[in-house]
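Fold and geometry: a report
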Amino acid sequence: MTAVEVHSGYKYYGKSNDPNKKIVLNHLNMSVTRGSIYGLLGASGCGKTTLLSCIVGRKFLNDGEISVLGGTPGTPGSGVPGPRIGYMPQDIALVEELSIKETIYYFGRIYGMSTEKIRERFKLLKELLELPCNDRHVGHCSGGQQRRVSFAAAMVHEPELLILDEPTVGLDPLLRERIWQYLVDTTSTSKLAVIITTHYIEEARQASCIGLMRNGILLAEDSPSNILERFSCSNLEDAFLTLCQKHGPSEEADQTTHKTHTLRSIKSIDDSGFKKTIPPLTSPSDEKKDLGRGLYEENLIAKTVKQLMSITTKRRMNALLSKNFLQMIRQPAGMVFLFLYPIFQLVSFYVAIGGNPKDIRLGIVNDEVYNIEDCFNKSLITTFFHDDYDCDLYKTSCRFLEHLNRSIAIQEYYNTFEDAHQAAKQGKVWGFIYFARNFTESLQDVRDNVRDADPGSFESSEIKVYLDKSDQQVTFFLEKKLLETYREFAEGIMSDCHLPKQLANIPISFEEPIYGTFNDEFTDFMAPGVVMTMIFFLATLITATIFITDRLEGVWDRTLVAGITTLELLLAHIITQTSIMLLQCVEIILLATFIFDAQNQGSNITVVGLLMLLGFAGMLYGLLISIFCDAHSTANFMATGSFYPMIIMCGILWPLEGMPGYLQYLAYAFPFTVPSMAVRNVLTKGWSITNSQVYMGYGAVGIWIFSLLLLCLIGLKIKK
């Protein structure tokens, strides 16, 4: 009839060979019978919570044995963790976004209960614990109300063993009395065993048995009446104080416990009349225990995979999915981020990137005319055609300025070269153009005499351009537009003079690009990489704190104690986040296609498939971060810290061919470098998935997905 039996339980934190390791449980013996209430009393930090974690299978002893409900916690078929036990941790450990009713139904479903049974138990517990209205969210309840909901969640499935860690903290005395009376009545009429820890020592007088614990040692284990009688005390607090005084001061006891347990057995308290605790001098090899535990965990994973195919697991999975979706949609700020941020980011890219610079101020110094207003005379004629062999030019600098697009360059006129140069240095203009005094005469001399022209004519016929090159993109744009303007200017003169094109002195020839035009080629080049990185890192940021939040709120441990496996938790989050990621992908694709008219010369299915696979990889990367990081700040540092190096080196901002060889190999290893190249080739060149570069993109994402999923499973196995 024993529910829990602990024999020589020994637990420490740190390395086994470290003399300063922290001993939490020091060869502790404990026995809890069915149909009884066991009150575990002790100061904070004495090891109560660690002992309970070992009993429910969340932690393992370094030495000694634990038997719970006839089996070893964590072994297949023991039901621990699982529905045979009910666990109320010291923290609230509830999802704040769920309502009270949804919380009880959530725990009922993961325990495998039917809806009718949950409804029946919820009605009983609601009346007993005076729970608030059903639709009130847990986060809107007071501390005492939250503890009552937490207690109801532990009791909803009528467990065989109920473990309550500080259940009555923050409750009023009347409600504490009702809970104790309920536990007393229930244990007296059933085989339910209850282990309860409390700081209210006196209320433990209603327990069947009391264990007084201090510094990892169970000092006493007996009924409350026997303890009071043996110490001749009127209340348990005095008895506990007397026993602690016999054992020594707290700090001194910690050091003594550490030293004596590493050298010899603990000396029992003979005059108290309690049974002696004689631990062995040496413990079994930790390595053997770890090996056995590893073999067991492999069997547990295999068993979990089989359970995923069962109806019960499907019911639990529905409960997990419902919790995940409700937790997500009841965070308005999070929902705005999920669905509006992709739109904002894509709109920002297409609106801000790829447009021609406009209203650039460009200085003009024209020494060819005495008054710049002469250039604006509508009756000005710059070419005079006489016959097949004679065509005179006049003030052609004005013709060039007329060709210069005023929407691209706002012309600022200066009288001298020095004035324009000073304005450019002060940032008033981006640069300036200078025409020599004899510009037209020199241009005509070069045109007519070519190599025989006067040497000074070659220099005077040049349009001298001085630009601020601090911004390469704007400088490149201005140079290109000025050369295009010169070509139009020269072709116009040839046309007026009836001269063949090959006689024109045009400094550069512009050919049509194979793909795209100057206005959108940069946007088309960057768009695939920007969209791919956006989908990847948006999925990463969304999932990078999921498991951290669950662990910090205590929901992680409580769910695992209920029998949910880490594989089920991972699968539930993958399903939830995949649905969100699919909606985001569709949102981005529709926006790029129908609003910004992104052209696709290939298959839409090929592009969409690659985008969604990359988003899935980003989601797994975020889950991996949340598994190994213990704080939100660390997870954010990991996510953002990996973002910028990948963006810089993935070929979006600068071609990979311009990087050192070793850096190219590193860049190709990033999850979205090869896929971005594949999408770009599909969009601009119409390549299909049969092309090697395209299916290599799929292969790269597939390798990342497999690797990240494997690392997630390994991480969950380590961190659980």
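In this text the structure is predicted, and so the values were computed from the model without any measurement.

Next up on the list: helix α6 (residues 224-231). Among the residues of α6, Pro-224, Ile-227, Leu-228 and Phe-231 are the ones counted as buried. Buried residues along α6 cover an arc of 95° about the axis, so they all sit on one side. Directly beyond the C-terminal end of α6, a positive phi value near 55° is found at Ser-232.

What follows is about the nonpolar core. Core analysis: the biggest nonpolar cluster contains 128 residues, and Leu-183 and Leu-623 have the highest contact counts within it. Among the elements that take part in this core, helix α21 (residues 604-628) stands out by supplying 13 residues, more than any other. Residues in contact with Leu-183, not counting those within four places in the same chain, are Ile-37, Phe-151, Leu-162, Leu-164, Val-194 and Ile-196.

Turning next to the sheet that holds strand β2 (residues 22-33). Two modes of strand pairing occur in sheets, parallel and antiparallel, and in both the strands are linked by backbone hydrogen bonds. Taken together, 3 strands build an open sheet; the order of strands is β2-β1-β4 and the sheet is antiparallel. At either margin of the open sheet sits one strand with a lone partner, and together these are β2 and β4 (63-68). The mean inter-strand angle of the sheet, taken between neighbouring strand axes irrespective of direction, is 15°. Bridge count between strand β1 (residues 2-13) and β2: 9 bridges; the pairing is antiparallel.

Further remarks concern the pattern of salt bridges. Within the structure shown, the criterion is met by 18 salt bridges. Arg-316 is the salt-bridge partner of Glu-568, the closest N and O atoms lying 3.0 Å from each other. Residue Glu-568 is found in helix α20 (residues 566-595), and its partner Arg-316 is found in helix α10 (residues 311-329); the two are separated by 252 residues along the sequence. Take Glu-568 and Arg-316: they sit in the same class, and that class is buried. Note that Lys-481 is salt-bridged to Glu-484, the shortest N-O span being 3.2 Å. With Lys-481 and Glu-484 both in helix α16 (residues 472-496) and 3 residues apart, the pair spans about one turn of that helix.

Conventions and cut-offs
- Residues numbered from 1 in each chain as written.
- Predicted model: local features only at pLDDT ≥ 70, side-chain atom pairs only at ≥ 80, totals over all residues.
- Heavy atoms only, no water.
- Buried < 20%, exposed > 50% of the residue type's maximum accessible area, 1.4 Å probe, protein only.
- Helix = DSSP H or I, 4+ residues; strand = E, 2+ residues; numbered from the N terminus.
- Arc of directions from axis to C-beta.
- Core = buried A, V, L, I, M, F, W, Y, C linked by side-chain atoms within 4.5 Å.
- Contact = heavy atoms within 4.5 Å.
- Pairing = 2+ DSSP bridges.
- Axes fitted to C-alpha atoms, helices over the stretch in contact; angles between N-to-C directions.
- Salt bridge = Lys/Arg side-chain N within 4 Å of Asp/Glu carboxyl O.

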